[in-house]
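Now for the letters of each chain:
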Amino acid sequence: MTANTATSEENLLGNGGHAQEPSTPTSDTEMGGATPPELSEIFFVDNSRRKHSIKIQVKLCPEGVYLRRETDADDQINEQLIRIDDIIGSRYGPRLKKRARGGLNSCRNPNVPGQEAEPEPDSDNSAYLYIYAYLKKEKPLRRVQTLRILRFRSSNNYDVNLQTAQLWHHTIRKHKRENGSSSPADSGKQLLILLNPKSGSGKGRELFQKQVAPLLTEAEAQYDLQITTHPQYAKEFVRTRKDLLERYSGIVVASGDGLFYEVLNGLMERMDWRKACRMLPLGIIPCGSGNGLAKSVAHHCNEPYEPKPILHATLTCIAGKSTPMDVVRVELAPRDKHFVMYSFLSVGWGLIADIDIESERLRSIGAQRFTLVSYLLAKNKKDEEPPVEAAKEARESPEKEKRPAAIRSSLPLNAGEFRDLPEEDEDELDSEQFADAISLDRSVYRQNADSWHSAMSRRTAYYSLGGPSLRSNRSRLSVSQRIEAANAEFAEKVPTGTIPGLQVPLQETDGWVCEDGDFVMVHAAYTTHLSSDVFFAPESRLDDGLIYLVIIRSGVSRHQLLNFMLSLNTGTHLPIGEDPFIKVVACRAFRIEPNSSDGILVVDGERVEYGPIQAEVMPGLVNVMTTSGQ
């Protein structure tokens, strides 16, 4: 490992002082306990402009590393604090071959008579501690790379000096643990890093080696790098890896949002999905072209993103903290098929979905492709949009003509209100009820086999029945008790929804609000950013349990539509008050039923089969790596 050249805005300069005895190292056994010790040493920095060295007192405490010097001229005291959260790691041992600025020498003051500098011996007995930090600065928000090198040479015995450096190293790690950071070096497990070499502009591998790997080394993070070779590689790797939880401490995606989507859905298809989502925090390093999640995480943590998004995101992934994040369960039913997938970013129909797909051919130019294509599409958008109509009534009556489409958004739902069986007379269920349920059309069964609540009513619970006949008298359990037991077992294995299936009409009495009319765009988002330069839902939070549904009605002027698109990067695109054409709905579930058979529908920026779609939020289902832990 080689040291990086230090860059710091703080230059420690001053007059020399008198020598002081070094502090006595504390043994590891004395370090044990709830509170790590406070360590202090006197160091000296060579000053080429003056004839004497500068005396620096360095103190390591739970808040971080204090560096303090006094100026003899005016008795001013200059201090610098390197916060413990800003320190990503440290390394101790012999001197590295590449010398970096920021070195401090301990215990010998060449300015004091009798302590003249001696020539370096052939074998250096000094031990070195390299402290790697990235200081957070405001106005402008940025991270400043800082390296502090402490040279311990109070003894002529290298092992004694090494023991002192080791004590400082382990104390830094203890302070970070007590501050809520779980260092990758402390877990004894590896980080799983999935890298798409063709992501973004096709420089994924090069970006990783130059910008990500050095930081992982500084943080002492052991990692397993997996290079994706084909589509769905990451999904299958995460879904089928048997030792995933035992071997890895977290999963980091070095790519765009598409690879993160694969990882999320791979986790949700595991039989131990609950445990995996709880134990494996997910991280994102933006090597792709959209990078909406990486920008949303940076926004949530108040961390810088530009001009070095890969560096800043890597610092977030090795900070050792995580925050719950909502996941949205999406159901599609195109052409009598049925799919369930899990989304973390957005679901879109209309203008923005068109932009996302149409700009794929311009992937090589990076995030600018979204701005360019949005301008062209908004400029050339026809007045006549494919009509998308929302029903006023939740249930469609047979007397009326079939409605071409519907968009429905729900008010906050309480999952506890949905039960598999009626509350009353559960023990009096007769066999005819189950006979009717089991004899339902098998196509409906296939479409809803993953959910207890998504067949013809919210109370059906017949899908997991198996084994002996329901009329068996040998069982001591009643029919309802067996159903409940099977339901509980099935729910542990398969994530279930709480809203009616796509084939079931929605009831306004259940809290559904319906919108009528033709629409230019319907886009649902649950993170602040759809890409690095699209600030789509400013009010969104990672774990607020809400979906922000933005609806643009047909009839909006080209001028207003163009202003909407060009204001997306600042988050000022949404109207402040009531607007007849642009509306924002905060909901927990929604449904879109397009009237046409051909169009573009996207989930997390990836095109899916066109047809009816609905989604509901699953609050705080996964954990994402952050710097705040909140």
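Residues numbered from 1 in each chain as written. Predicted model: local features only at pLDDT ≥ 70, side-chain atom pairs only at ≥ 80, totals over all residues. Heavy atoms only, no water.

Our working rule: UniProt positions are given in the numbering used here, feature names are shortened, and annotations may be inferred rather than shown by experiment.
Under the annotation held in an unreviewed UniProt entry, the protein carries the name sphingosine kinase and is attributed to Drosophila gunungcola. According to the UniProt record, the Subcellular location (unreviewed entry) comment for the protein is "Endomembrane system".

**Structural notes on the overall build of the protein**
Selection rule: Secondary structure elements are defined from DSSP: runs of H or I of at least 4 residues count as helices, runs of E of at least 2 residues count as strands, and each element is numbered from the N terminus. The Shrake-Rupley method, run with a 1.4 Å probe, gives the accessible areas here. Residue values count only the displayed protein chains as cover.
Broken down by element type, the protein carries 16 helices and 26 strands. Summed over all atoms, the accessible surface of the protein reaches about 30000 Å², with 48% contributed by carbon and sulfur.

**Description of unusual backbone geometry**
In the segment running from K139 into P140, the intervening peptide bond is cis, with an omega of -5°. Along the polypeptide, P140 turns up in the loop between β7 (127–137) and β8 (142–152). Omega for the peptide link from E306 to P307 comes to 5°, which places this bond in the cis form. Mapped onto the fold, P307 is located in the loop between α9 (292–301) and α10 (309–317). Non-glycine residue E220 carries a positive phi angle of around 60°.

**Examining the nonpolar core**
Basically, it comes down to this: Here, the term nonpolar core denotes a set of buried Ala, Val, Leu, Ile, Met, Phe, Trp, Tyr and Cys residues that are joined through side-chain atoms within 4.5 Å. Type-normalised accessible area, obtained with a 1.4 Å probe on protein chains alone, sets the label of each residue: buried when under 20%, exposed when over 50%, and partly exposed for intermediate values. Contact between two residues is taken to exist if any of their heavy atoms lie within 4.5 Å; hydrogens are not considered.
In this structure, L244, I251, F260, V330 and F590 are the most contacted members of the largest nonpolar core, which totals 64 residues. Among all residues touching I251, those that are not within four sequence positions of it are L192, L194, V238, L244, V263, L267, L280, P281, L282, G283 and M625. Grouped together as the second largest cluster of nonpolar side chains are 28 residues, Y132, L147, I193 and A221 included.

**A look at α9**
In terms of residue burial, α9 counts as a mostly covered element, since eight of its 10 residues are buried. Count one or two residues on from α9 and you reach N302, which has phi positive near 55°.

**Quick notes on the packing of aromatic side chains**
Condition: Stacked, edge-to-face and tilted labels apply to pairs of Phe, Tyr and Trp rings (six-membered ring for Trp) whose centres lie within 6.5 Å, assigned for plane angles under 30 degrees, over 60, and everything in between, in that order.
One pass over the full model with this rule turns up seven aromatic pairs. Residues F43 and F152 carry aromatic rings whose centres are separated by 5.6 Å and whose planes lie at 80° to one another, so their mutual orientation is edge-to-face. Of this pair, F43 sits in strand β1 (residues 39–45) while F152 sits in strand β8; the two residues are 109 residues apart in sequence, bridging distant segments of the chain. Owing to a relative accessible area of 0%, F43 belongs among the buried residues under this scheme. Arranged with centres 6.4 Å apart and planes meeting at 90°, the rings of F43 and W168 form a pair that is edge-to-face.

**Section: the pairing of strand β5 (residues 87–93)**
The side chains of a regular strand alternate, first on one face of the sheet and then on the other. As a reminder of what qualifies: For two strands to be treated as a pair, DSSP must find at least two bridges joining them.
With five of its seven residues buried, β5 lies for the most part within the structure. Here β5 runs beside β7; their pairing, made up of six bridges, is antiparallel. If you follow S90 over to β7, its bridge partner there is I131.

**Points about the pairing of strand β10 (residues 223–227)**
Of the two faces of β10, only the one carrying D224 and Q226 is buried; Y223, L225 and I227 on the other face are not. Both strand β9 (residues 190–195) and β10 contribute to a ladder of five bridges, which runs parallel. From the neighbouring strand, L191 faces β10, where its bridge partner is Y223.

**Concerning the sheet that holds strand β24 (residues 601–603)**
Condition: Every axis in this analysis is a line fitted to C-alpha atoms, fitted for helices over the stretch in contact. Angles between the N-to-C directions lie between 0 and 180 degrees.
Strand order in the open sheet formed by six strands is β22-β21-β18-β15-β24-β25, with antiparallel pairing between adjacent strands. Single-partner strands in this sheet number two, and they are β22 (582–587) and β25 (606–608). Averaged over all neighbouring strand pairs, the angle between strand axes comes to 20°, with direction disregarded. Both strand β21 (residues 547–553) and β22 contribute to a ladder of six bridges, which runs antiparallel. Bridge assignment links I547 to a residue of β22, and that residue is C587. Lying over the sheet, helix α16 (residues 558–566) contacts β18 (519–525), β21 and β22, oriented at roughly 155° with respect to β21.

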